[in-house]
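One-letter residues, chain by chain:
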Amino acid sequence: MKVLITGIDGYSGWPLALDLLSRGHEVSGLDNFVTRKRVKEVGGDSALPIAPFPKRLAAVRQLMGKEIRFHKGDVTSWSFVHDVLAEERPDAVVHLAEQRSAPYSMIDVHHAVRTQVENLSGTLHLLYAMKELTPDAHLVKMGTMGEYGTPNIDIAEGFFEIDYQGRHDRVPFPRQAGSWYHWSKVHDSGNVMFATRIWQLRSTDVMQGVLYGTRTPQITDRRLFTRFDFDEVWGTALNRFVVEAILGLPITPYGKGEQKRGFIALEDSMQSLRLALEHPPAPGEYRVFNQFDAAYSVNELAELVRAVAEKRGLHPTIEHTPNPRTEAEQHYYNPIHEHLPRLGYQRQRTLEAVIEEIFDDLTKYRRRLEAHRGSVMPGGVNWRHGDNREGISARSHPAPAPASTEATPASTDRTPAT
Ligand code: USQ
């Protein structure tokens, strides 16, 4: 199968490319490398050193004997998206090229607008290009479990049956997202669902939980490392807790710490995406996968990280900090996840084992963590403040470039296919 991965340089895009190549699929990709730049703007960096993209491609060639065709550019450019699809004519597109940080989207009005303009326009460009050029191809769109929020009832897998005022229907499960970023995914979901219906496209909307881990079976060399973020803006709670423990900082659950989320290991996410690709939906079918293995509270994560740290002679404290987010800190959480197991999905990795690996891998790069210690502690982005630029500047060197509310002028710069 010919698969185009948008956002191929990202945390999950890169391992997905390796996974698909190793299973004999043909892979092409696009990226504008903006995540590398934006993480640095807030004073962070990947804990694991990631090779420049041409070196990644050379390593794939040398170690796997495979080629990835690459296009440098921005999905906010219609002509770029159109040109890439016209050239590649993929059987499937995995769309990961979106701004993926909730705190980044909450920095100020410019970051909120940038997040939504970029994410929605990229998806719309892809939908239009697929309708015109590859109407039979399958779109696998990365959404998030955070689209649903934390309702006081079970969370259906995309759709649910409802009786209301004497009538019955099957309707999308309500979305109650918790950041401008998460809302951008909600709006995307509506757009993908609508385009699929009017143009008879095939689409899978992946409500993915929080990803974790540094390894997949194909990451066999440091040139193939995927990124690992741990700063306040780009790092997830689990990543941050491990780094806090290694650096001797307190582990920082926000508020009561009883917030629950669904989690899935990087390697298992690759398995899920592969299963989705290898079992495409019918024309006109929009399906939703709740892609996670188990739910954990932030306090459970903190305790697991502390337990692993203790075994290694580290003695981190757990210090609840005032919650900078507006979110339920104690709530019911029971999302249904049945679609992937029906396709043969089986969890391979446990959270405990992967936390051990993360400690192993990050401890070797302790100096990189030390160099970005200032970006770890919370307090820079508060949901209740309209403007957090001061909080962010305080921890970043250099200060972030001023954002614009205009759609980012897209780069159409094209690197020759390799
Ligand atoms: N949290 C802490 N302490 C911290 C950082 C976060 O307690 O130091 C809490 C947050 O308040 C939140 C929970 O941990 O309640 C999860 O936050 P997170 O930063 O780990 O993850 P989140 O912002 O939800 O976003 C991440 C990814 C995003 C993806 C999403 C999946 O960055 O791209 O869509 O996880 S989900 O959470 O299912 O929406």
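Residues numbered from 1 in each chain as written. Predicted model: local features only at pLDDT ≥ 70, side-chain atom pairs only at ≥ 80, totals over all residues. Heavy atoms only, no water.

1. As for the environment of Val 206
Its location among the elements puts Val 206 in strand E8 (residues 202–208). Taking the C-alpha atoms as reference points, Val 206 and Phe 292, separated by 86 residues in sequence, lie 9.9 Å from one another. Once residues lying within four places of it in the same chain are set aside, the contact partners of Val 206 are Val 140, Lys 141, Met 142, Gly 143, Thr 144, Leu 273, Phe 289 and Gln 291. (Helix = DSSP H or I, 4+ residues; strand = E, 2+ residues; numbered from the N terminus. Contact = heavy atoms within 4.5 Å.)

2. Examining the sheet that holds strand E10 (residues 260–265)
The sheet built from three strands is open, its strands ordered E9-E10-E12 with mixed pairing. With one partner strand each, in any of the chains shown, strand E9 (210–212) and strand E12 (294–297) form the two edges of the open sheet. Each adjacent strand pair in this sheet contributes to an overall mean axis angle of 45 degrees, direction not counted. Relative to E10, E9 is paired through three bridges, and the arrangement is parallel. If you follow Val 210 over to E10, its bridge partner there is Phe 263. Helix H10 (residues 298–311) contacts E10 and E12 of the sheet and is inclined by roughly 85 degrees relative to E12. (Pairing = 2+ DSSP bridges. Axes fitted to C-alpha atoms, helices over the stretch in contact; angles between N-to-C directions.)

3. Here we look at the packing of helix H8 (residues 237–247) against H10
Angle between the axes and distance between the axes: these two values describe a pair of packed helices. Two numbers describe how H8 lies on H10: the axes approach to 10 Å, and their chain directions differ by 35 degrees. Crossing of H8 against H10: the hand is right-handed. When H8 is examined against H10, the residues Ala 237, Leu 238, Phe 241, Val 242 and Ala 245 are found in contact with a partner set consisting of Val 298, Leu 301, Ala 302, Val 305 and Ala 309. For the contact of H8 with H10, the class distribution of residues is 10 nonpolar, no polar and no charged. (Left-handed = near helix turned anticlockwise from the far one by under 90°. Nonpolar A, V, L, I, M, F, W, Y, C, P; charged D, E, K, R; others polar.)

4. Considering the site of the ligand
For the ligand, the set of nearby residues contains 22 residues, the closest of which are Arg 100, Thr 144, Tyr 181, Tyr 254 and Glu 327. Residue Tyr 181 places a side-chain N or O atom 2.6 Å away from an oxygen atom belonging to the ligand. Arg 240 is positioned such that a nitrogen or oxygen atom in its side chain is 3.0 Å from an oxygen atom of the ligand. Elements supplying a minimum of two residues to the shell around the ligand: helix H7 (180–199) and H8. Sort the elements by how many residues they give to the shell around the ligand and H8 lands first, with three residues. By residue class, the composition of the shell around the ligand is nine nonpolar, eight polar and five charged. (Near = heavy atom within 4 Å. Polar contact = N/O pair within 3.5 Å; in protein donor to acceptor, adjacent residues only side chain to side chain.)

5. Some points on a nonpolar patch on the surface
A cluster of nonpolar side chains, Trp 78, Leu 124 and Tyr 128, forms an exposed patch at the surface whose accessible area comes to about 290 Å². Mapped onto the fold, Leu 124 is located in helix H6 (residues 109–133). (Patch = residues over 30% accessible without salt bridge, like charges linked within 9 Å, V, L, I, M, F, W, Y side chains within 5 Å. Areas by Shrake-Rupley, 256 points an atom, 1.4 Å probe, with all protein chains shown as cover. Salt bridge = Lys/Arg side-chain N within 4 Å of Asp/Glu carboxyl O.)

6. What about the pairing of E8?
The buried fraction of E8 amounts to seven of the seven residues, a majority that puts the element mostly inside the structure. Neither face of E8 is open: one carries Arg 202, Thr 204, Val 206 and Gln 208, the other Ser 203, Asp 205 and Met 207, and all of them are buried. Both strand E5 (residues 138–142) and E8 contribute to a ladder of five bridges, which runs parallel. Residue pairing in the sheet places His 138 in a bridge with Arg 202 of E8. As defined by bridge partners, E8 adjoins strand E11 (residues 286–291) across six bridges and the pair is classed as parallel. By the bridge assignment, Thr 204 is partnered in E11 with Arg 287. (Buried < 20%, exposed > 50% of the residue type's maximum accessible area, 1.4 Å probe, protein only.)

7. Some words on the packing of aromatic side chains
Enumeration over the complete set of coordinates arrives at 12 aromatic pairs. Between Phe 33 and Phe 70 the ring centres are 5.6 Å apart and the planes differ by 35 degrees, which places this aromatic pair in the tilted class. You can see Phe 33 sitting in the loop between strand E2 (26–31) and helix H2 (34–41) and its partner Phe 70 sitting in strand E3 (residues 69–72), a full 37 residues away along the chain. As far as the burial class goes, Phe 33 and Phe 70 line up, both buried. Relative to Phe 263, the ring of Tyr 212 lies with its centre 6.5 Å away and its plane at 55 degrees, an arrangement referred to as tilted. With Tyr 212 in strand E9 and Phe 263 in strand E10, this residue pair connects regions lying 51 residues apart in the sequence. Neither residue differs from the other here; Tyr 212 and Phe 263 are each classed as buried. (Phe/Tyr/Trp six-rings, centres within 6.5 Å; stacked < 30°, edge-to-face > 60°.)

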